[in-house]
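One-letter residues, chain by chain:
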Amino acid sequence: MNFLRFFLITSLSMFATGLTAAQPGLLKSEFIFQSSPFPECHASTLVETTNGLLAAWFGGLKEGERDVCIWVSHLETNGWTPPQMTASGTEGTQRREPTWNPVLFQPKNGPLFLFFKVGPSPETWKGMYKTSEDCGKTWSVCHALPDGILGPIKNKPVQLANGDIVSPCSTEGPQGWRVHFELSKDLCETWLATPPLNDGKSIGAIQPSILVQKDGSLLALGRTKQKKIFQMTSSDNGQTWSQMNLTSLPNPNSGIDAVTLHDGRFLLVYNHSTKKRSPLNVAISNNGKDWQAALVLEDDVRAPNGFAYPAVIQTTDGLVHITYTWKRLRIKHIVVDPAKVNLSPITP
């Protein structure tokens, strides 16, 4: 890395620390790595294990290139471990293909899962997964999901109170962008998929995130081509869903993520814009319909490639952890105390 590039990254990291001090509840802002064996990275995912936090993302020459692999890093006492390549497109395929959109998921019982996609484009993706019995230190061989099952496309599955697992999914192809969900009653051993839940035309939608409401029903939010975040609900554990409609929250055709907090509220990370992947914002809601502004994580509309594809979880200590793509060059990690943020009305 040349000196100028290092200086710019270091300076912006220090600026982010300044933002932390200025915004109540924003406790930490850091890069998971400063240098890496790949020039670009994207689509991070995050999970809490019994041995701490684990993050994953894809990295390589450029999105869609055959050298793009899945990388992981562990948060240890002295910081994040150097990126380690964990999965590539050479496994389970006749020739090397790019990998995409890893998703880490730890069910209440059983191994840690790493889902990812392999293929030259989203239209041709094959769902794959690996498992780990030691919190992500070592991984199984690569397994292919059954035909017609893609696995979680960007955001984490949820495990319901009855043990069922609901995985948020979508497809991109000739029929447009369409959302569906994949359901498992046996800890990811077998899956059933719902039919597509939107026509892909009037609303082109992908990459849902699932929230669990106080009455046990599910709320899904996600990305669209219509410059708004979509929403839909399910009252039967994800088997059937209401009609998809658009919320008032803007979306610049970029991924979002959300989490149900321990106190029953919802926390959303998204770009509050219809055109750019900046700013990157945090909002909180009591009911999933009325949202209040909580934090601004990034705000630089001139930034190349912007700040995008957040992943968010709440850990057992009550803190919220967020990772996201920083200009396609780094993965940033944010720590938030949701009890300390200042909430205010969301302005257009």
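Residues numbered from 1 in each chain as written. Predicted model: local features only at pLDDT ≥ 70, side-chain atom pairs only at ≥ 80, totals over all residues. Heavy atoms only, no water.

Participant: Would you explain the overall build of the protein chain in this entry?
Facilitator: Counting secondary structure elements, the protein chain contains 1 helix and 26 strands. Relative to the compact-globule value of 20 Å for 348 residues, the protein chain shows a C-alpha radius of gyration of 19 Å, a close match. Considered along the principal axes of its C-alpha atoms, the protein chain spans approximately 50 × 50 × 40 Å. The 348 residues of the protein chain split such that 58% are buried. A fraction of 46% describes how many contacts in the protein chain between residues 6 or more apart in sequence connect residues 24 or more apart. Surface summary for the protein chain: the accessible area is close to 14900 Å², and the carbon and sulfur share equals 53%. Counting 32 positive and 29 negative side-chain charges, the protein chain places the averaged centre of each group 7 Å from the other. (Helix = DSSP H or I, 4+ residues; strand = E, 2+ residues; numbered from the N terminus. Rg over C-alpha atoms; globule rule 2.2 N^0.38 Å. Buried < 20%, exposed > 50% of the residue type's maximum accessible area, 1.4 Å probe, protein only. Contact = heavy atoms within 4.5 Å. Areas by Shrake-Rupley, 256 points an atom, 1.4 Å probe, with all protein chains shown as cover. Lys, Arg positive; Asp, Glu negative; His and termini not counted. Charge placed at Lys NZ, Arg CZ, Asp CG, Glu CD.)

Participant: Would you take a moment to explain the packing of aromatic side chains for this structure?
Facilitator: A ring pair, where both rings are aromatic, is described by two values, the distance of the centres and the angle of the planes. Throughout the structure, instances matching the rule amount to 12 aromatic pairs. Ring pairing ties together the aromatic residues Phe 33, Phe 38, Trp 57 and Trp 71, which thus form one cluster. Above the plane of the ring of Tyr 309 lies Lys 154, whose end atom (NZ or CZ) is 5.5 Å from the centre. Over the ring of Trp 177 we find Lys 225, and its NZ or CZ is 4.5 Å from the ring centre. (Phe/Tyr/Trp six-rings, centres within 6.5 Å; stacked < 30°, edge-to-face > 60°. Lys NZ or Arg CZ within 6 Å of the ring centre and 35° of its normal.)

Participant: Would you mind showing me how to read the sheet that holds strand S24 (residues 320–326) here?
Facilitator: As a general point, the strands of a sheet are linked pairwise by backbone hydrogen bonds and lie either parallel or antiparallel. In space, the 4 strands of this open sheet follow the order S1-S25-S24-S23, with antiparallel pairing throughout. Single-partner strands in this sheet number two, and they are strand S1 (26–31) and strand S23 (307–314). Between one strand axis and the next, the sheet turns by 20° as a mean value, whatever way the strands run. When S1 meets strand S25 (residues 330–336), the two strands line up antiparallel, connected through 5 bridges. The residue bridging Leu 26 from the neighbouring strand is Val 336, located in S25. (Pairing = 2+ DSSP bridges. Axes fitted to C-alpha atoms, helices over the stretch in contact; angles between N-to-C directions.)

Participant: Can you walk me through the environment of Pro 174 in this structure?
Facilitator: Topologically, Pro 174 is positioned in the loop between strand S12 (165–173) and strand S13 (176–184). In sequence terms Pro 174 and Glu 123 are 51 residues apart; their C-alpha atoms lie 8.5 Å from each other.

Participant: Just checking my understanding: could you explain the side chain of Ser 285 for this structure?
Facilitator: Mapped onto the elements of the fold, Ser 285 is located in strand S21 (residues 280–285). A polar contact of 3.1 Å, which involves the side chain of Ser 285, links it to the backbone nitrogen of Asn 287. Among all residues touching Ser 285, those that are not within four sequence positions of it are Arg 265, Phe 266, Asp 290 and Trp 291. (Polar contact = N/O pair within 3.5 Å; in protein donor to acceptor, adjacent residues only side chain to side chain.)

Participant: Would you mind showing me how to read the sheet that holds S12 here?
Facilitator: Sheet architecture is open: 4 strands sit in the order S11-S12-S13-S14, paired in antiparallel fashion. Among the strands making up the open sheet, the edge pair consists of strand S11 (158–159) and strand S14 (192–193). Taken together, the 2 bridges between S13 and S14 define a ladder with antiparallel strand orientation. Each residue of the ladder has a partner; that of Leu 183, found in S14, is Leu 192.

Participant: What's the story with the side chain of Ser 88 in this structure? I'm lost.
Facilitator: As for its placement among the helices and strands, Ser 88 is situated in the loop between strand S6 (84–87) and strand S7 (99–105). Polar side-chain contacts of Ser 88 include one of 2.7 Å to the side chain of Thr 90. In this structure Ser 88 touches Cys 69, Arg 96 and Thr 99, once residues within four positions along its chain are discounted.

Participant: Could you clarify how one ought to interpret unusual backbone geometry in this entry?
Facilitator: Leaving glycine aside, a negative phi is the common case for residues, and trans is the common case for peptide bonds. Following Ser 278, the chain continues to Pro 279 via a peptide bond in cis, the omega torsion being 0°. Note that Pro 279 resides in the loop between strand S20 (266–270) and S21. Even without glycine at this site, Lys 227 takes up a positive phi of about 70°. Judged by relative accessible area, Lys 227 falls into the partly exposed class, the value being 45%.

Participant: Can you help me understand the environment of Asn 305 in this one?
Facilitator: With respect to the helices and strands, Asn 305 occurs in the loop between strand S22 (291–298) and S23. The spatial distance from the C-alpha of Asn 305 to the C-alpha of Thr 325 is 9.0 Å, given a sequence separation of 20 residues. When sequence neighbours within four positions are dropped, the list of residues in contact with Asn 305 reads Arg 277, Lys 327 and Arg 328.

Participant: What should I look at first to understand the state of the cysteines in this one?
Facilitator: One way to say it: the disulfide is the covalent bond shared by the sulfur atoms of two cysteines. Evaluated as defined, the whole model comprises 0 disulfides. No disulfide involves Cys 41; its sulfur sits 13 Å from the nearest other cysteine sulfur, which is in Cys 69. On the basis of relative accessible area, Cys 41 is assigned to the buried category, the value being 1%. Unpaired in this structure, Cys 188 has its nearest cysteine sulfur neighbour in Cys 169, at a distance of 11 Å. (Disulfide = S-S within 2.5 Å.)

Participant: When you look at the nonpolar core in this model, what are you seeing that I'm missing?
Facilitator: Note on soluble globular proteins: their nonpolar side chains tend to be buried together. Formed by 22 residues in total, the largest nonpolar core has its most connected members in Leu 267, Val 269, Val 282, Leu 295, Leu 297, Ile 322 and Val 336. Where this core is concerned, the elements lending two or more residues are S1, S20, S21, S22, S23, S24 and S25. With 4 residues, the top contributor of residues to this core is S24. Sequence-distant contacts of Val 336, that is, excluding residues within four places in its chain, are made with Gly 25, Leu 26, Leu 27, Leu 295, Leu 319, Val 320, Ile 322 and Val 341. With 19 residues, the next largest nonpolar core counts Val 47, Val 118, Ala 308 and Tyr 309 among its residues. (Core = buried A, V, L, I, M, F, W, Y, C linked by side-chain atoms within 4.5 Å.)

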